[in-house]
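# Fold and geometry: a report
The primary structure of each chain is shown beneath.
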Number of protein chains: 2
Amino acid sequence: MSRSIKAIVYRAHGKPAEVLRLEEQELPSLGENEALVRLRAAPINPADLNAIEGKYPVRPTLPATPGFEGAGVVEEVGPAVRNLKAGTQVILPHDLGTWREAAVVAADKLVAVPNDIAPEQAAMLKINPTTAWRMLHDFVRLKPGDWVIQNAANSAAGRAVIQIARELGYRTVNVVRRKELVEELRVAGGDVVLLDDDELRDAVAAATERAPIRLALNAVGGESALRLAKIVAPEATIVTYGAMSLKPLTIPNGLLIFKNLRFTGFWVNKWYEQTATAERDETFARLFDLAQRGLLQTKIERSYSLGEFPEATARAAEGKRDGKVLFRGA
Amino acid sequence: MSRSIKAIVYRAHGKPAEVLRLEEQELPSLGENEALVRLRAAPINPADLNAIEGKYPVRPTLPATPGFEGAGVVEEVGPAVRNLKAGTQVILPHDLGTWREAAVVAADKLVAVPNDIAPEQAAMLKINPTTAWRMLHDFVRLKPGDWVIQNAANSAAGRAVIQIARELGYRTVNVVRRKELVEELRVAGGDVVLLDDDELRDAVAAATERAPIRLALNAVGGESALRLAKIVAPEATIVTYGAMSLKPLTIPNGLLIFKNLRFTGFWVNKWYEQTATAERDETFARLFDLAQRGLLQTKIERSYSLGEFPEATARAAEGKRDGKVLFRGA
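## Examining the packing of aromatic side chains
Scanning the model with the defined rule gives 18 aromatic pairs over all chains in all. Members of the aromatic cluster, connected to one another through ring pairs, are A:Tyr56, A:Phe68, A:Trp267 and B:Phe258. The ring of A:Tyr272 has A:Lys126 sitting right over it, with the charged end atom 4.9 Å from the ring centre.

## Here's the deal with the nonpolar core
Residue and element names in this part refer to chain B. One finds Leu136, Ile164, Leu215, Leu217 and Phe288 to be the most contacted residues of the largest nonpolar core, which totals 49 residues. The set of elements that each furnish at least two residues to this core consists of helix H2 (46-52), strand S7 (111-113), helix H4 (128-135), helix H5 (156-168), strand S11 (213-218), helix H10 (268-274) and helix H11 (277-292). Counting residues per element, this core draws most heavily on H5, which supplies 6 residues. When residues of this core are sorted by domain, at least three fall in each of domain 1 (4-124 + 298-328) and domain 2 (128-269). Those residues in contact with Leu217 that sit more than four places away from it in its chain are Met135, Leu136, Val148, Ile149, Gln150, Asn151, Val161, Leu228, Val239 and Tyr241.

## Here we look at the pattern of salt bridges
Evaluated as defined, the whole model comprises 50 salt bridges over all chains. Residue A:Asp281 is joined to A:Arg280 by a salt bridge in which the shortest nitrogen-to-oxygen separation is 3.0 Å. Here B:Glu223 and B:Arg227 are joined by a salt bridge, their closest N and O atoms 3.9 Å apart. Of this pair, B:Glu223 and B:Arg227 both sit in helix H8 (residues 222-231), 4 residues apart, roughly one helical turn. B:Glu223 gets classed as exposed once you look at its relative accessible area, which sits at 57%. One network of salt bridges, in which partners are shared, links A:Asp196, A:Asp198, A:Glu223 and A:Arg227.

## Regarding the domain arrangement of chain A
Residues and elements named next belong to chain A. Domain boundaries assigned for chain A yield domain 1 (4-124 + 298-328) and domain 2 (128-269). Its C-alpha centre places domain 1 at a distance of 31 Å from the equivalent point of domain 2. Contact with domain 1, which involves 11 residues of that partner, is made by 7 residues of domain 2. Both sides of the domain 1 and domain 2 interface together cover about 640 Å² of buried area, and 49% of this is carbon and sulfur. Among the residues of domain 1 in contact with domain 2, Tyr56, His94 and Lys299 are the three that bury the most area, contributing 41% of the side total. The interface formed by domain 1 and domain 2 contains 1 salt bridge. Scanning the region where domain 1 abuts domain 2 turns up 2 residue pairs in polar contact (both at pLDDT 80 or more).

Criteria and thresholds
Residues numbered from 1 in each chain as written. Chains lettered and ligands numbered in written order. Predicted model: local features only at pLDDT ≥ 70, side-chain atom pairs only at ≥ 80, totals over all residues. Heavy atoms only, no water. Phe/Tyr/Trp six-rings, centres within 6.5 Å; stacked < 30°, edge-to-face > 60°. Lys NZ or Arg CZ within 6 Å of the ring centre and 35° of its normal. Core = buried A, V, L, I, M, F, W, Y, C linked by side-chain atoms within 4.5 Å. Buried < 20%, exposed > 50% of the residue type's maximum accessible area, 1.4 Å probe, protein only. Helix = DSSP H or I, 4+ residues; strand = E, 2+ residues; numbered from the N terminus. Domains from an automatic or database assignment. Contact = heavy atoms within 4.5 Å. Salt bridge = Lys/Arg side-chain N within 4 Å of Asp/Glu carboxyl O. Buried area = accessible area lost by both parts, 1.4 Å probe. Polar contact = N/O pair within 3.5 Å; in protein donor to acceptor, adjacent residues only side chain to side chain.

Structure representation (structure tokens):
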């Protein structure tokens, strides 16, 4: 393999169409504990676009290559590498910049993935399904039959929540904005799917027979988050992991003092930083098992070559899509 | 003692001046496990006034007698009562209605208080010092030298936080609205006392040498609560136990997702409901010890007889006071 590769690079923050370039780079030579990975698939996530625009809390040193997620295949390993070999499918680390043809990476930062998981799906396990898995484990001790409520239920993370909750025996109330999603998410495994409007509270009470809901997952903020807070049981936890409405959470004091709700957040990057490799791999093992059984399949709208980045990033930035936009390997 | 007593009663919710009456009541005869307690002191708390107006989350069955706090002396006990005898000073339960001359109470709902604690002070340990004690124990595992920040630091609960934190070896940043309180709260034991304005963040950083603050106590809401949230360390907990500004908490999503703050609340009534007698008494034992050593002395503005309730409740409702307003026993 040639040591010269193509990578998307930006030298200043700004609109993707204006600041991104496709550049030739020389790969560094392979270190003892490193692996050379050829990229197979890398999605364009909202966080990637925010990072390029400088609107993300972590700013890379510029010039930088975007891309928090990606999967590839090991082509070559350094002499000290034991856990990987040529041909192993791997998930790339989130701080590498995945929008590139290939990379030299420390082997212990790579996660091996069974080869029967498609690279496009392997590439998308690291953010949304992991977020869903952790949110269903780290905040409230749930038992089979318990209810969880979430808004933005049609997002990639929302759909992962539906499938993981079902796997764990929890029941989901899924809140969406568009009517046409109701049937679709029921088919996808949502126990209850309801519209995010003023009737929501009564509709939830009827659908759950007023069962206490002790965990709410919020990726919208604003009014929608407040609705969830009013619906959940006293002492419930509301976990915020996204802010699609771009509106802050306004919490009446009584919900804190008298209803004793707990509001907190989840950010998967922080989880990776704070989590030991063994625990990280344990989560991945469970997600791989689900993926091998045909679950956690994120819908894909279209994949593009790296050279098509202007169209790809523009499409990814649009609201009305029917799945993720990805870069595919050469 | 006569079985006929006076008690303040209301038959409908409304302004205290309009709905309260002083009435004669017959005490019920003493049951096996009951004690007859003559009231010595009962404060007028904001929660009492809210309850009378029907603005409190728990509504009593009407007619009702107001008063969540009070202390008295046992005059007589039923034949099966072992833990109390005539002459024992006791704290009354919060669901009795303390604005009365005397009451017959189940003995196990009374907490015996050392007689060298003045009845006025004993009467005021149940809400504010208990709130302060629990908030410093139940949310973040602090160690000596750690910092805690609070607004409304001059309130009865705020002053209890200062004294209890000092006792436990924690350092306090105390935020107040009025300049003249700065020196006063320093004398009362506050390590750092600062004004609640736009300079607060820099002032805290300077005073604490940028030490991480992992616990914030909020009794104000609105802007002031948001300031605390911006000052505390990532993953800190903000406990809301009051809402003096009457403004909701508006939380930028980034503080939840990326800074991973935890917002929750504390309501002492709920704590009493959920806590076993032994654990409750353990907290009281520590508070009594502090009170006997001259700490946790709540400032008193004036005490009134029950018959003076129109003046007393009007005074208690005023903002600018220099201490609590109490009813005293006959």
